[in-house]
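Each chain is listed here by its residues.
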Amino acid sequence: MGPHPAVAAIRLAVRRVLHDILTELNTTAAVSAGTATERVPGHPPSPLVLVACSGGADSMALASALAFEAPRLGIRAGGVTVDHGLQNGSDLRAEEVVLRLRELGLDPVEATAVTVGRAGGPEAAARDARYAALDAAAARHGAAAVLLGHTRDDQAETVLLGLARGSGIRSLSGMAAVSGAGGRYRRPFLQVDRQTARKACMVQSLPVWDDPHNADPAYTRSRLRHEGLPALEKALGKGVVEALARTAQLSRDDADALDTWARQAEAGVRDATGVLECAKLYALPPAVRRRILRRAAIDAGAPAGALFARHIEEVDRLITGWRGQGAINLPGKVVAQRQGGRLVIRQG
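On a predicted model such as this, the values are computed, not experimentally measured, just so you know. (Residues numbered from 1 in each chain as written. Predicted model: local features only at pLDDT ≥ 70, side-chain atom pairs only at ≥ 80, totals over all residues. Heavy atoms only, no water.)

Engineer: Hey, could you go over the pattern of salt bridges for me, with residue numbers and the actual values?
Structural biologist: Summed over the entire model, instances satisfying the criterion amount to 24 salt bridges. Between R291 and D259 there is a salt bridge, with the nearest N and O atoms lying 2.7 Å from each other. On the criterion of sequence distance, the pair formed by R291 in helix α11 (residues 286-299) and D259 in helix α9 (residues 240-266) is long-range, its members being 32 residues apart. Judged by relative accessible area, R291 falls into the buried class, the value being 18%. Close ionic contact of R270 with E266 constitutes a salt bridge, the shortest N to O distance being 2.8 Å. Look at R270 and you get partly exposed, because its relative accessible area is 26%. Of the residues examined, E266 reaches a relative accessible area of 11% and is grouped as buried. (Salt bridge = Lys/Arg side-chain N within 4 Å of Asp/Glu carboxyl O. Helix = DSSP H or I, 4+ residues; strand = E, 2+ residues; numbered from the N terminus. Buried < 20%, exposed > 50% of the residue type's maximum accessible area, 1.4 Å probe, protein only.)

Below you can see the structure in the form of structure tokens.
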């Protein structure tokens, strides 16, 4: 008799990602060696994959699946839990998570404490601190990858948040299955729903911790989870989460294609000195042109996180609606100005 369907689903999702990681490592090793050699277990040392675990149902399910699948593929499995210090007793909960991960057989396992700032709001600040800690842990242990427990439900929420911001197709593409420097972060559960992960914990008798912040209406994502999505499902019927997750993937494919087009087109719209030429930019489709403008603004020093669609639209009007208007001030003290048929974007 096989495992419970929920357990089988999470293990399959993790197995696929681990196979991808091994394939990439093998390819890199073969290129470095100059030959397409097969990987020999234990020589070189088995790669390490970490799981980021908060102790919640999603990440505990992920940790259990990693602990089961990794040894069967010759991979070492470890875990990291981040103590944000935002609640009383958070350090004790982090210690409990470490014990649970060790009971699953993960090694190395550690808890790391962070200080959460205020930039961008509490949710963004906590996320930035968490990823900085995970980056440091991965570097410290030489991990090939870090697994994150984001589910299909999280993806649907991310798409809706992007839609509310109105910042274009990239914001609708949600979270990538692979992200971070060198593809460090992997999200095996983007096609697994939250209920399946929780069920997998229950049938395996895995204790889980429900973060009260996830039910706190002070947080935008919490309101969306407990009020927004249920309202959409009531109005539109079941299947909203699946449809939004599918929208994310389709949007990501389109956005990736447009990004590639913009990179290829950029060299052709600059003059011999590297300055953007307005006439050549005007001839490009708007989606491609605006990507080039955004990249140019970032290269000039505009912070990507502070550069919104409205900024790029104003710069775009220097090309498509030129009436002699003055310079456009962008975040990071960057200025965009039309000069003699050319678009100059630089520090002001």
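Engineer: Lay out the packing of aromatic side chains in plain terms, naming residues and giving numbers.
Structural biologist: The full count for this structure, using the stated rule, is one aromatic pair. When the ring of Y131 is compared with that of Y185, the centres are 5.1 Å apart and the planes differ by 90°; the resulting orientation is edge-to-face. Taken together, the positions of Y131 in helix α4 (residues 122-141) and Y185 in strand β6 (residues 185-186) put the pair 54 residues apart, joining distant regions of the chain. The class for Y185 is buried, based on a relative accessible area of 4%. (Phe/Tyr/Trp six-rings, centres within 6.5 Å; stacked < 30°, edge-to-face > 60°.)

Engineer: Explain the layout of surface pockets to me, using residue names and the numbers behind them.
Structural biologist: Approximately 400 Å³ is the volume attributed to the second largest pocket. What lines the second largest pocket is a set of 23 residues, among which A177, R187, P188, L190 and Q191 lie closest to the centre. Ranked by residues supplied to the lining of the second largest pocket, first place goes to helix α1 (residues 5-33) with seven residues. Across the lining of the second largest pocket, the residue classes break down as 13 nonpolar, four polar and six charged. (1 Å grid on protein atoms, 1.4 Å probe; cavity = no way out; pocket = protein on both sides within 12 Å on 5 of 7 lines; lining within 4 Å. Points joined across faces, edges and corners; volume = space filled by probe spheres on them. Nonpolar A, V, L, I, M, F, W, Y, C, P; charged D, E, K, R; others polar.)

Engineer: Give me the lowdown on the environment of E110, citing residues and values where you can.
Structural biologist: Positionally, E110 belongs in strand β3 (residues 109-113). Take E110: its relative accessible area is 17%, and that puts it in the buried class. In this structure, the C-alpha to C-alpha distance between E110 and L99, residues 11 residues apart in sequence, is 9.5 Å. For E110, the contacting residues outside a window of four places in its chain are G79, V80, T81, V98, A137, R140 and H141. One polar contact links E110 to H141, side chain to side chain, over a distance of 2.8 Å. (Contact = heavy atoms within 4.5 Å. Polar contact = N/O pair within 3.5 Å; in protein donor to acceptor, adjacent residues only side chain to side chain.)

Engineer: Go over the packing of α9 against α11 with me, naming the residues and quoting the values.
Structural biologist: Packing of α9 against α11 brings their axes to within 9 Å, and their N-to-C directions diverge by 70°. Classified by the angle between their axes, α9 and α11 sit roughly perpendicular to one another. Regarding α9 and α11, the two cross each other, and that crossing is right-handed. Taking contact as the criterion, the partners of A255, L258, D259, W261, A262, R263, A265 and E266 in α9 are, on α11, A287, V288, R291, I292 and R295. (Axes fitted to C-alpha atoms, helices over the stretch in contact; angles between N-to-C directions. Parallel < 35°, antiparallel > 145°, perpendicular 65-115°, else oblique. Left-handed = near helix turned anticlockwise from the far one by under 90°.)

Engineer: Outline α9, listing residues and values.
Structural biologist: When the terminal C-alpha atoms of α9 are compared, their 38 Å separation across 27 residues agrees well with the 39 Å that a helix rising 1.5 Å per residue should span. Within α9, the full set of buried residues consists of V240, V241, L244, A245, A248, S251, R252, A255, L258, A262, A265 and E266. Residues of α9 that are buried make contact with α5 (152-165), α6 (169-172), α8 (220-236) and α11. (Expected span 1.5 Å × (residues − 1).)

Engineer: With reference to specific residues and values, describe unusual backbone geometry.
Structural biologist: Residue P108 is bonded to the preceding D107 through a cis peptide linkage, with omega at 5°. Relative to the helices and strands, P108 is located in the loop between α3 (90-103) and β3. Even without glycine at this site, S205 takes up a positive phi of about 60°. By the secondary structure assignment, S205 is in the loop between α7 (194-203) and α8. On the basis of relative accessibility, which here comes to 62%, the residue S205 falls in the exposed class. In this structure, K333 is a non-glycine residue whose phi angle is positive, near 60°. Note that K333 resides in the loop between β8 (328-330) and β9 (334-339).

Engineer: If you had to explain the pairing of β3 to someone new, which residues and values would you point to?
Structural biologist: Pairing analysis gives five bridges linking strand β2 (residues 76-83) to β3, with the strands arranged parallel. Paired with G79 across the bridge in β3 is V109. Running through α3, the crossover from β2 to the neighbouring parallel element β3 is right-handed. (Pairing = 2+ DSSP bridges. Right-handed = clockwise from strand over helix to strand, strands pointing away.)

Engineer: So what's going on with the packing of α11 against helix α12 (residues 309-320)? Residues and values would help.
Structural biologist: Running from amino to carboxyl end, α11 crosses α12 at an angle of 115°, the nearest separation of the two axes being 10 Å. With respect to the hand of their crossing, α11 and α12 are arranged in right-handed fashion. Of α12, the residues touching α11 (which contributes R289, R290, L293 and R294) are I312, V315, D316, I319 and T320. The residue inventory of the contact of α11 with α12, partitioned by class, reads four nonpolar, one polar and four charged.

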